[in-house]
Every structure is written in C-alpha cells, then in structure tokens.
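Here is how the chains run, residue by residue.
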Amino acid sequence: MRVPRWVLAVIAAGIVVVAADVAILVFAHVAPEPAAARAAVTGDTVAVIDPADRKVVANVPVGRQPVAIAAGFGGAWVLNRGEGTLTHIDASTRKVVSTMEPDATANDITAGAGGIWFVGRPRGMNGPLQTAELERIDPRTGAVDRSFETGTGATVIAAGGDALWSTGYLGGHVRGAARSDARSGAMRRIDIGIYGDVVTADDAAVYYVASIGNRVARVSARTGVLTDSMTLASDESLAAGNVPPSPTDAVFGAGALWISTSDGSVLKIDSRLGGIRNSIQACRNALAIAFGEGAVWVACGDNSVVRIDPTRDQADAPIAVDGLPRGIAAGAGAVWVTLNR
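Note that the structure is a prediction, hence the values are computed from the model and not measured.

Teacher, can you tell me more about the environment of Thr167 here?
You can see Thr167 is positioned in strand S12 (residues 163–171). Those residues within four positions of Thr167 in sequence are excluded, and the remaining contacts are Gly153, Ala154, Thr155, Val156, Gly176, Ala177, Tyr195, Gly196, Asp197 and Tyr208.

So what exactly am I meant to see when it comes to the pairing of strand S16 (residues 205–210) here?
Residues in a regular strand point their side chains to alternate faces of the sheet. Across the six residues that make up S16, a large majority, six, are buried. Of the two faces of S16, the one carrying Ala205, Tyr207 and Val209 and the one carrying Val206, Tyr208 and Ala210 are both buried. Of the pairings in the sheet, the one linking strand S15 (residues 198–201) to S16 comprises four bridges and is antiparallel in character. What sits directly across from Val198, in S16, is Val209. Count of turn residues in the S15/S16 antiparallel hairpin: three residues. In this structure, S16 lies alongside strand S17 (residues 215–220), joined through six bridges in antiparallel fashion. By the bridge assignment for S17, Tyr207 is matched with Arg218. A loop of four residues connects S16 with S17, the two strands running antiparallel in sequence, and Gly213 in this loop sits at a positive phi of about 115 degrees.

Calculation notes
Residues numbered from 1 in each chain as written. Predicted model: local features only at pLDDT ≥ 70, side-chain atom pairs only at ≥ 80, totals over all residues. Heavy atoms only, no water. Helix = DSSP H or I, 4+ residues; strand = E, 2+ residues; numbered from the N terminus. Contact = heavy atoms within 4.5 Å. Buried < 20%, exposed > 50% of the residue type's maximum accessible area, 1.4 Å probe, protein only. Pairing = 2+ DSSP bridges.

This is a description of form; function is not addressed.
Written out as structure tokens, the structure reads:
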C-alpha cells in the first residue's frame, strides 16, 4: 500500500522535532561558568531566583524532564514532559502544591485569559492529527474548569486578548496558526504567511516567529488579522552566504518583542516590527526567554540565567543554575527555571 506524501511529511516533521529536542540537550549542555548564585540539587527541579538579589533561593523538585513553565496567579505551573504531568508550585512557600495528570498529553502551557492553559492530544487517542484539547486550570482550586476539543492540532500556545493563539496541524494537509476563543473554544484559522513555531502574545498583539526562515508576523489580538511582518536577516546578508542564528523563543515586554537565538544573542524588535532596535549578547546559546519582575530573563545552555535591563539593553553577570535550563518564566515575585539534570 502506498503511503500518502502528507503522511510521510508529518512523520518527517515529527522526527525533526524529536531530533531538534535531542540536539538542544547535546549541543546546549556545555560546562557552566562559575558564579556565586549556586545551590546543590539532585534530580529535575525548578530553580527559583530572587529578581532583586539575582540569586537562586530555592530548588523545587518536580516531575521528570520539566520543560515549559508559566508564572502567575500566585505561583508557577510546570509541564513535566517525561511523565506527562503538571506541577503547581506556591510562590510564597516555594513548595509543590499538587501534581496532576491531565486528560491531554500536554505540549505547551501558558498563563492568561483567566487561568493556566495547556494544550495537547487526548491521551490514548489515535485519531486525526488536528484533534487537540485546550484546557484551563482554575488557579484558585487547581482543577480544570474549562475544556475544549479543537481542530488546532496545537503544539505551542499563548494567551492574549481573551483568546488562545496556537500553531499546529490544522487538517487538510495544512500546518499553520489559529485563534481559539477562551470562552467558547470556537476556533478559526489565521493567515500569517509563515509557519510560526514560536508564539507570544499580550492583549494588543500576537507575534509568531518562524525558527526556520527567520521571519516574524504580528497579528492584532482584537481582530485576528495580520498587521505587520518582517525578516530577521537581510537579503544582502543571505546573498553573502551568512547563516543567521535560529530563533529559540520569544516574549513581549516593555514595549518591545524580544527573541532569543541559538548564538546567545537577544534581538530587541520594534513592537510594530519596524526593525531590530538592538542585538544583545547574553551568552553562547540562548534556549528560552521570559519577561517579568522588571527585566528580560534568558535561560542559557551553559547552565546559567542572564538578566537584561530593558531600558539599558545591557546583560548582567550570569546566574549559575545546577542543570540545563529548558524553560523560564518571570512573575509572582520570582524567576522560575526548569532544570534537566
């Protein structure tokens, strides 16, 4: 029986994603630079950094292979990919409140639109690739209070403008972006002209970043319509054979879009995508980025976290952490970093 080309394409895409994930672990795990802010830990944890003192003040044991993390509503929420669970950490006690196994095998997590949202395929389901569940955790009770089955096939999400913005497999051999209403779950596709595998949002705009292709698209959070786009590499640079670093993550804050890249630089971009305002060298390999507690925070592959002052565009001295950072969030009075050991 002949296998359709689109099936082969999906399988190949999956292999690329897995390979990229392994590559992050292999390429990024280099020797850490010495720093004072170090605390002994064992196993996979979340490092808690005091944003004022810029020191690690706690290491909280969580599930196996923690990756994505969201902060807000008085705590941090961790996606443990290795065991398919979500862990809630209380910000005041810096202790685990609960760990749950959701109905969906979560791919990503975000804070906003009234709670903590995660997205993934229903457990044990072998149906269409576009089938995904969007679920919201009520931060007050720790229970899922809203669940939508959608056709987003989402692998990444962001919350903004009372909606969830995602990228994934939309069906009909199409991979792209979508908007899901946070109240009803109603989903519609968004034409942004790129495959934005990194997404960040606030209540005014949504930014999709293509790590392959080095392009950015801005969508109005009110209308869901593409408003601006730009490339991160000039035609002249590409024609000269210069290979630009790949975007690894993005966040919006202090009136600008911040993009971390594989060569350790952080790009500060005009909110309307009018151009790159600055390029700030944070480390040798920037894996993830967050904004909050008055600064930009970069998780680096040399087992460190770097603070960037958004007014001076200057990177501070690295803060050492005891493990490879996979995700970072800032909020609820702290900076939270998932560490794989």
